[in-house]
Structures are given as structure tokens and as C-alpha cells.
Amino acid sequence: MKYIPFFFIITLSLFSQNLDSLLEQYKKESELSKITKIDTAGFVYIYTREDLEYMQAYSLKDILKTIPGLNYTIAPNGLYLFTAASTSYIPPSAVRLYINDHDLSSASFGSALLIWGDMPVEFIDHIEVYRATSSIEFGNEAGVIIIKVYTKLAQREEGKKVRVITDSFGSAGIDTYIANTYFDNSSLFLYLHGKDINSKTYHNDGFDIKKDENDYLFYTKYSLKDFSLEAASFKQDKAPFLGNGALYHPTGGGLDARHTYIKIDKKIKGIEFDISYDSLDYDRVYEDESKIYTSLGYVDRYQIKFKDTIFSLIWKKFFTTDKNSLLIGGFYKYKGFQAEGKFDDKSTKFDNHLNLYSLYAENSYRVSENSSLIFSIKGDFYRYGKEVDSKNKLISRIGFIKEIGKLKLKTFFTKTYTPPQFYTFYSKENYPLITNPHLKYPQAIISTIGADYYDNKYKLGVKLGNRVLKDKILYDPFYGYFNINDKVKFNFIEINYEYFLDDNDRLLIYITKGENSKDNLSPNLHINLRVFNKFNKFDIYNEFLYKNSYEYYGMHVKSSLDYTVSLKYHISKDLSIGIRGENILNNGFEQAYRKTNNTYPLTDHRFIINLEYLF
């Protein structure tokens, strides 16, 4: 096996204190997922604290690529998007990413996952991914895939940690946090991160194709009784990858983006309130020898800047009786959108804004001791500042959950929608893209049913789903954005098996098959196999992600097997060293693109060393 040898020396000189209870606390971390999980929200995949540590995951991307039935792949401009088994890219606005209960939203793109998808996970306790959901339970904007990352709690950490990494490409990264609790029962968690990641350079017709990136993250949370203050700022710089040229011949450019938010939570007389402010800056530059197409012709250099400002006021309250658990809530959001562009000697500048009002309710009715009916409804009211048509949208959902001995059944029927990205609606001069202020919101009807059988040592499950999408949005270089009336149908079946030898040794297998009524533009068969083991002072993790071959606009792409392995050695209870090998077989998933006959791997063949110290 060929790989670049690496050597790394790190010296730490730290003032430390030993906490005898630290390892015992670590064993309890996964219990947080039992508290935060919303069973009525759909089908959920959970990555516990122990999972993340065994995996030695460094970024959220490492987790998202393992979600059963979803393919987390890279677009030509270097941003990461999802495809479901057999489908093309899922719109970014259909996928919502939360840190704790804060929706990382964007006015320009709908969701800030485009930036945060590669966020570090060292400060994360556990992750929940909901599919076939309506988003009502989360009291925020509409989405069909919900990703919730929950940060570590100061009360459970109580100490300090430093983690440093390097890899076979000469990359470097550092993560450090401080967690303190105080005499008045308040707590403070402070986290800092920075990384500079080098990647393999690929080529297209003699032009370099790069995925290098660096980013920085600051996060803090202060809590006192029923009050908390949370703030974060994430800055990312990325190489252009393929770019946006006519033949993908990039000569420069890239992405410079930052998202900052501050959020206050307070509970008053049983009502939970949160107020937040978000600011997002997104500066994208394309330079390409083969020129870049705009609505007014071809240019050599394309630069567009988006500036988002978002203010949110959210409230919710729970009411419970012997038979009912009722949640009611609502929110108001102001989403400001500014754009400024320069395209060779042409320039443009424009702005718009949106006022979004929402009211929702969900009731879980306990039919019997082992069965419940779920009813949900949500009204969203969109009022735009300029030209764009106002919209009143309704989300409705009904579900049924029943336990029969060791068998658990869940079924949901959802009518929902996907709000388009703001930049598709409005620009002052229809430049650089031809916008359409009269676009309809794509509508979706989702039906799912699943069953899980639990035993002491294993769990066996099956899920079936159907989605019918109407008014899908497409783009034409001459006519701009438009809706298509044709209905697009998507079906999937998923079989999962989990085997638990003991608390430290387990096996997970997921097999997903998907089909849609249009062209299959991504693998329609996914097999995910993940194995966790512990041997004396060693934590061992193996991950196999198989995807079958697929056709992409006439190009045949071979099947793939992405093999990742992680090995961690606990030198002491406070010090550990680990190695993670990614795409070890050099046969991982490759994405095809329309303007080139080349395919490019999602994950480079890479080895990563990390050193962790607790004090």
C-alpha cells in the first residue's frame, strides 16, 4: 500500500490537575442522547460521545458521510451537498443544521450547512440525524433532513483538554477547551479550534484541482439555572476545487466565509424563549481560463459577495396530561440579504429582506400504554421586502408509534415544502443569474414506515419510505430559474442490524436501496458496516462504506469501497495517542461532473495522527 510517510514531534508543557472521576464521567456522556432524542420527529441516527471518540472524527464531514442512505459528496465549487440513494443533489435549504437548539440559517442559501458542514467536532458531545421529518418538533424553519449537534457540557467535563493533529499531507490542527463550574451553580464552556488542511492535488487538462482549506472556530456557552448565553464564530477559507468555468480550467479563486451568532435562552413561567442574532459573510471568487458563464455572457473573473443578517425570536411551551403531550410555539425571523458582484468590468449591487412568521402545534396522544398517535401542524408566512411574491405555507403530519413486546413500529405521513434559496428569487438586474420572483415552493409528500426488533444482544430493523416531489426548481442559462410541474417520485428500503457483544464491542450494518422516477444520478445501493472494539488500552474502529456503480449523464462511474480505520492507545487516563486512516484501499466514492470526463474522490487516501491531553 502506497502512502506518504510522515513524522511528527509534539511537546506539551502544561499545568495540570488530575480528576479521578473523569473517566467515569466519560462513560455517562452518551446518556445525553437519551435526553435530547425526539422519538416522534422521524427516524433518527445517533452518534454518541463514545462513537465519536472511537471514530476519532475530526470534522462533521467525517460523520455525515456515514449516514445510511445519504451520500455526502462534493460539488464542483468545493462545497458539500447530500444526495439520497439514486438522486441528484438535495437543495441546501432542505437540510437544517443545529448547534444545540440554534438553527444555523442563512438568508442567501437557506441553510448555513454549506459553511458548517466541515466544522470540527472536538467540542461536540453527540450528534442526531433525523430523516423523513417535518421540522415541527424543532420549532424552526422547514427541512426534511435535520442534523443536530450537541456541545459538551461544562458540568460533565470540568477541566481542560488539548488535542493536536497532523497527517500524511503535512496538515496541522489544534483544539482546546476549558470547562468550569462555579459556586453559584453557573458554568462556562470555552472552545478554540484552528486547522490548516492540505489535500492531494488533482488535474484536469493540465490545470491543478485543489481542495486545500483552513478554518477557525470560537465557541462559548455560559449557563446559570434557566438562563444561558451561547456564541460562536466560524471562519473558513477553501480552494476553488473545479470552480465554475466552462471546462473547469481554474487558475485561481476560492471561498472566504464567516458565520457568527449569539443566542440567549431564558425560561419564564414555563415558556421557553430564545433570542438570537446571526451574521454571515460569503465571498466567492472564480477565475478560469475557459471563462465562466453569466447571464450577460462569459467572463474571466467572477466575484460575488453575500451578506446575511438574521434576527430570531422563538418561543415554545409544553402542556402534559395523563393522555396528551402538547407542544405549542412560534417564531419570528428577519432575514436580510445583500449581494455585491464584480464580473470583469461589470458590477452589480442589490439587497432584499424577508419577514418570516410561524405558528405550530404538536400533540402526542397516548392511545394505550404502548402506543401513541402524533398530530402536527405548522403555518409559515413569508413576507418579502421587494418584488418577491408573499407565501403562506402549511406543514402537516400524522404519526403512529406502537410497541409490541420487543417490536417497535413507527409510521409517519408528512406534507411539507422546501423554501428556495433567496438568491434564486431576486437580483436587481438579473445579473449574474436570471432570477424569478414568482417561483413556487417545491412541495413534498413523505410516507414512511419502520419496525425494529430488540433483543439483549442485537437489534434488527427495516424501514420503507416514499417521497413525491412537485414544483422542483431548475435553472436554464437563457430563461433562469423555473418550476417543473412533473412529479418526481423516490422510494427507498433500508435494513439495519446491530449486534452488541458487550458495552465496548459492537457491529452495525445498514443496507439501503433507493430508486426515483427520473434518472439515477448517484449510487442507488449503499452498504454501511461499522465495527467498534476495545482491547486492553486500545480503542479500535473499522468503517466500510460501499456504494454501487452509477451513471452520470452518460458517464459510467465504478463501484466504491471506502475503508476507514482508527486506533487509539490510552497511555494513561489523561493522555492518549491515535491514528486514523481514511480511504485506505484508495477505492473510495468518486463524484462525476458534467463538464469533464474525470471523476474525483470524496475522501483522499490519508493518515492522521492525533495526541490528546486532559488536565
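Residue positions within a chain follow its written sequence, with the count starting from 1. Whole-chain, interface and lining totals are the exception, using all residues; otherwise, since this is a predicted model, local features are given only for residues with pLDDT of at least 70 and side-chain atom pairs are given and counted only at 80 or more. The basis for every side-chain value is the complete set of non-hydrogen atoms in the structure, without hydrogens or water.

### A few points about a positive patch on the surface
Here, patches come from residues exposed beyond 30% relative accessible area and free of salt bridges, joined within 9 Å for like charges and within 5 Å for nonpolar side chains (Val, Leu, Ile, Met, Phe, Trp, Tyr). Methods summary: accessible areas were calculated by the Shrake-Rupley approach with a probe of 1.4 Å, and residue burial reflects only the protein chains presented. For salt bridges, the criterion is a side-chain nitrogen of Lys or Arg within 4 Å of an Asp or Glu carboxyl oxygen. Working convention for charge: Lys and Arg count positive, Asp and Glu count negative, and His plus the chain ends are omitted. Each charge is placed at NZ for Lys, CZ for Arg, CG for Asp and CD for Glu. On the surface, Lys-440, Lys-470, Lys-487 and Lys-489 cluster together to form a positively charged patch. Relative to the helices and strands, Lys-489 resides in strand β29 (residues 488–500). What counts as a helix is a DSSP run of H or I of at least four residues, what counts as a strand is a run of E of at least two, and both are numbered from the N terminus.

### Notes on the sheet that holds strand β4 (residues 95–99)
As a general point, the strands of a sheet are linked pairwise by backbone hydrogen bonds and lie either parallel or antiparallel. Here 5 strands make up an open sheet; going across it, the order is β1-β8-β9-β4-β5 and the pairing mixed. Edge positions in the sheet fall to β1 (43–47) and β5 (102–103), since each has one partner strand and no second. Of the strand pairs in this sheet, β4 and strand β9 (residues 145–151) are connected by 5 bridges, and their pairing is parallel. If you follow Val-95 over to β9, its bridge partner there is Ile-145. When DSSP finds at least two bridges between two strands, those strands are taken to pair.

### Considerations on unusual backbone geometry
The omega angle of the peptide bond from Tyr-431 to Pro-432 is 10°, so this bond is cis rather than trans. Mapped onto the secondary structure, Pro-432 falls in the loop between β24 (407–417) and β25 (443–454). Of note in the backbone geometry, Asn-185 takes a positive phi value of approximately 70° without being a glycine. Considering the arrangement of structural elements, one finds Asn-185 in the loop between β11 (172–181) and β12 (187–197). Positive phi, close to 60°, is recorded for Glu-387, a residue that is not glycine. By secondary structure assignment, the location of Glu-387 is in the loop between β22 (371–384) and β23 (391–404).

### Digging into the packing of aromatic side chains
Here a ring pair, both rings aromatic, is described through the centre-centre distance and the interplanar angle of the planes. Whether two aromatic rings pair depends on their centres lying within 6.5 Å, for rings of Phe, Tyr and Trp, where Trp uses its six-membered ring; planes under 30 degrees apart make the pair stacked, over 60 edge-to-face, and the rest tilted. Summed over the entire model, instances satisfying the criterion amount to 47 aromatic pairs. An angle of 25° between the planes, with centres 5.7 Å apart, marks the rings of Tyr-417 and Tyr-441 as stacked. In this pair, Tyr-417 sits in strand β24 while Tyr-441 sits in the loop between β24 and β25, placing the two residues 24 residues apart along the sequence. Ring geometry for Tyr-593 versus Tyr-600: centroids 6.2 Å apart, planes at 45°, classification tilted. Tyr-600 carries the same exposure label as Tyr-593, and that label is buried. Each residue's exposure class comes from its accessible area (1.4 Å probe, protein chains only) as a fraction of the maximum for that residue type: buried when under 20%, exposed when over 50%, partly exposed otherwise.

### Remarks on the confidence of the model for the protein chain
pLDDT is defined as a per-residue confidence score from the predictor, taking values between 0 and 100. With 94% of its residues at a pLDDT of 70 or more, the protein chain has an overall mean of 92. Note that pLDDT drops below 50 for residues 1–30; the model gives that stretch 55 contacts with residues more than four away or on any other chain. Any two residues having at least one pair of non-hydrogen atoms within 4.5 Å are treated as being in contact.

### Observations concerning the nonpolar core
Judged by nonpolar contacts, the single largest core of 112 residues is most densely connected at Phe-82, Trp-116, Met-119 and Ile-127. When residues no more than four places from it in sequence are discounted, the contact partners of Phe-82 are Leu-64, Ile-67, Leu-70, Asn-71, Tyr-72, Ser-88, Tyr-89, Ile-90, Val-95, Leu-113 and Ile-147. Here, the term nonpolar core denotes a set of buried Ala, Val, Leu, Ile, Met, Phe, Trp, Tyr and Cys residues that are joined through side-chain atoms within 4.5 Å.

### Focus: the side chain of Asp-118
Assignment of secondary structure puts Asp-118 in the loop between α5 (113–116) and β8 (124–131). Among the polar contacts listed, one links the side chain of Asp-118 to the side chain of Ser-59, at a separation of 3.0 Å. We define a polar contact as two N or O atoms separated by no more than 3.5 Å, with the added condition that, inside protein, one atom must be a possible hydrogen donor and the other a possible acceptor, whereas residues neighbouring each other in sequence contribute only through side-chain atom pairs.

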